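Residues per chain, in single letters:
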Amino acid sequence: MTKLLEWVFGVSVIGAAWALVTFDLLNLRLPEAYKEVAWPMPVYLLVVFGCYSLATVGYRVATFNDCEEASKELQDQIKEAKEDLRRKGLKM
Amino acid sequence: MATGADQAVGMGLVGFSILLFTYYTIWVIILPFVDSDHVAHQYFLQREYSVILPGIAALILLLSVGTFIGVVTWKNRKPKKVD
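Residues numbered from 1 in each chain as written. Chains lettered and ligands numbered in written order. Predicted model: local features only at pLDDT ≥ 70, side-chain atom pairs only at ≥ 80, totals over all residues. Heavy atoms only, no water.

Peer 1: Sorry, what's going on with the overall build of chain B here?
Peer 2: Scanning chain B for helices and strands turns up two helices and zero strands. Relative to the compact-globule value of 12 Å for 83 residues, chain B shows a C-alpha radius of gyration of 22 Å, a clear excess of over 25%. For chain B, the C-alpha atoms occupy an extent of roughly 75 × 40 × 15 Å along the three principal directions. A total of 83 residues make up chain B; the buried ones form 17% of that total. About 6700 Å² of surface is accessible on chain B, with carbon and sulfur atoms providing 71% of the total. Averaged over its 6 positive side-chain charges, chain B has a centre that lies 29 Å from the centre of its 5 negative ones. (Helix = DSSP H or I, 4+ residues; strand = E, 2+ residues; numbered from the N terminus. Rg over C-alpha atoms; globule rule 2.2 N^0.38 Å. Buried < 20%, exposed > 50% of the residue type's maximum accessible area, 1.4 Å probe, protein only. Areas by Shrake-Rupley, 256 points an atom, 1.4 Å probe, with all protein chains shown as cover. Lys, Arg positive; Asp, Glu negative; His and termini not counted. Charge placed at Lys NZ, Arg CZ, Asp CG, Glu CD.)

Dropping the structure here:
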C-alpha cells in the first residue's frame, strides 16, 4: 500500500463522512445545527491550516536569532576573497 | 532574538492569524448552536459568505502569484542568440 494510496483512502473516508452529513445521504435526520456546521468544513479546515501556517512563519520570523559572529566571519571571508581575486587579475 | 521590524512583522502576523482563526471559528462552528435572536448574530454575515469570501481570497491569491510569475518571466526574456 503506497503512501499515495493511503492518503487517497483516508481522504475518501473523511470525504464520504462529510458528504453523508452535508447531503443527508442516509436520511439520518440529524439536527439542523449539525448540518450547518458540517457543510463549510472543507473550507474551514483550509482556512485553519492557512492561519496555522501564517502564525508559524510569523513566529519564526520574530524569533530568528541574529548571528553576530557568523556575520563578521562572512564579511572577513568576502574581503579575503576579493583581495585574492584582485591579485589574480580580476577587475572588480 | 531578531530585532525591530522583524519582531514587529512576525508578531503582527501571529496576532492577525489568531484574530482570523477566532472570528472564523465562531462564525462556522459556534454560531449554529446560538439562538437566532442572540445579539452575536449581528456581527457576522450570512453563512454562505463564510465559504464565498475564502474562495474569493484564494482566487485573488492565485491571480497575484500567477501575475507575479508572468511579470518576472516577461522581464527576463532574452532574444535568441544567433551563432
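Peer 1: Even after reading the chapter, I still don't get the side chain of Ser-17 of chain B, so can you show me in this structure?
Peer 2: Here Ser-17 of chain B shows up in helix α1 (residues 4-30). Owing to a relative accessible area of 2%, Ser-17 of chain B belongs among the buried residues under this scheme. Setting aside residues no more than four positions away along its own chain, Ser-17 of chain B makes contact with Cys-51, Leu-54 and Ala-55 of chain A. (Contact = heavy atoms within 4.5 Å.)

Peer 1: Just to check I follow, could you spell out the UniProt feature "transmembrane region" (unreviewed entry) in chain A for this structure?
Peer 2: UniProt's entry tags residues 43-62 of chain A with the feature "transmembrane region" (unreviewed entry), counted in the numbering of this structure. Across residues 43-62 of chain A, helical content stands at 100% and strand content at 0%; the span's end C-alpha atoms are separated by 28 Å. (UniProt positions renumbered as here; feature names shortened; annotations may be inferred.)

Peer 1: Whenever I open this one, the UniProt feature "transmembrane region" (unreviewed entry) in chain B confuses me. Can you help?
Peer 2: Residues and elements named next belong to chain B. Look at the UniProt record and you will see "transmembrane region" (unreviewed entry) annotated at residues 12-31 and 51-74. Segment residues 12-31 splits into 95% helix and 0% strand. End C-alpha atoms: 27 Å apart. Along residues 51-74 the backbone is 100% helical and 0% strand, and the end-to-end C-alpha distance reaches 35 Å.

Peer 1: Before we go on, may I ask you to explain the nonpolar core in this structure?
Peer 2: For soluble globular proteins, nonpolar side chains are generally found buried alongside one another. Counting residues in hydrophobic clusters, the biggest one holds ten residues: Val-37, Met-41, Tyr-44, Val-47 and Cys-51 of chain A together with Tyr-24, Trp-27, Val-28, Leu-31 and Phe-44 of chain B. When residues of this core are traced back to their parent elements, those giving at least two are α3 (41-62) of chain A together with α1 of chain B. The element best represented in this core is α3 of chain A, accounting for four residues. Excluding residues that lie within four positions of it along the chain, Trp-27 of chain B makes contacts with Pro-32, Phe-44, Leu-45, Gln-46, Arg-47, Tyr-49, Ser-50 and Leu-53 of chain B. (Core = buried A, V, L, I, M, F, W, Y, C linked by side-chain atoms within 4.5 Å.)

Peer 1: Before we go on, may I ask you to explain the pattern of salt bridges in this structure?
Peer 2: Side chains that differ in sign of charge can pair as their charged atoms come close. Taken as a whole and assessed by the stated rule, the structure comprises seven salt bridges over all chains. For Asp-24 of chain A, the salt bridge goes to Lys-35 of chain A, with nearest N and O atoms at 3.8 Å. Of this pair, Asp-24 of chain A sits in the loop between α1 (3-23) and α2 (32-38) while Lys-35 of chain A sits in helix α2, and the two are eleven residues apart along the sequence. Relative accessible area serves as the criterion here: at 18%, Asp-24 of chain A is assigned to the buried category. The closest approach of N and O atoms between Arg-47 of chain B and Glu-36 of chain A, which form a salt bridge, is 3.7 Å. Linking Arg-47 of chain B in the loop between α1 and α2 (49-75) with Glu-36 of chain A in helix α2, this pair reaches from one chain into another. (Salt bridge = Lys/Arg side-chain N within 4 Å of Asp/Glu carboxyl O.)

Peer 1: Would you take a moment to explain the packing of aromatic side chains for this structure?
Peer 2: Each aromatic ring pair is characterised by the separation of its centres together with the angle its planes make. The tally for this structure, following the rule as stated, stands at six aromatic pairs over all chains. The interplanar angle of 90 degrees and the centroid separation of 6.1 Å between the aromatic rings of Tyr-24 of chain B and Trp-27 of chain B together place this pair among those described as edge-to-face. Here Tyr-24 of chain B and its partner Trp-27 of chain B are both found in helix α1, three residues apart, which amounts to about one turn of the helix. A single burial state applies to Tyr-24 of chain B and to Trp-27 of chain B, both of which are buried. Chaining the aromatic ring pairs together yields one cluster made of Tyr-44 of chain A together with Tyr-23, Tyr-24, Trp-27 and Phe-44 of chain B. (Phe/Tyr/Trp six-rings, centres within 6.5 Å; stacked < 30°, edge-to-face > 60°.)

Peer 1: What's the story with helix α4 (residues 68-87) of chain A in this structure? I'm lost.
Peer 2: Two residues of an α-helix separated by three or four positions point the same way, owing to the 3.6 residues in each turn. Between its terminal C-alpha atoms α4 of chain A stretches 29 Å, which fits the 28 Å expected from 20 residues at 1.5 Å a residue. In the segment just after α4 of chain A, Gly-89 of chain A is the residue with positive phi, at about 105 degrees. (Expected span 1.5 Å × (residues − 1).)

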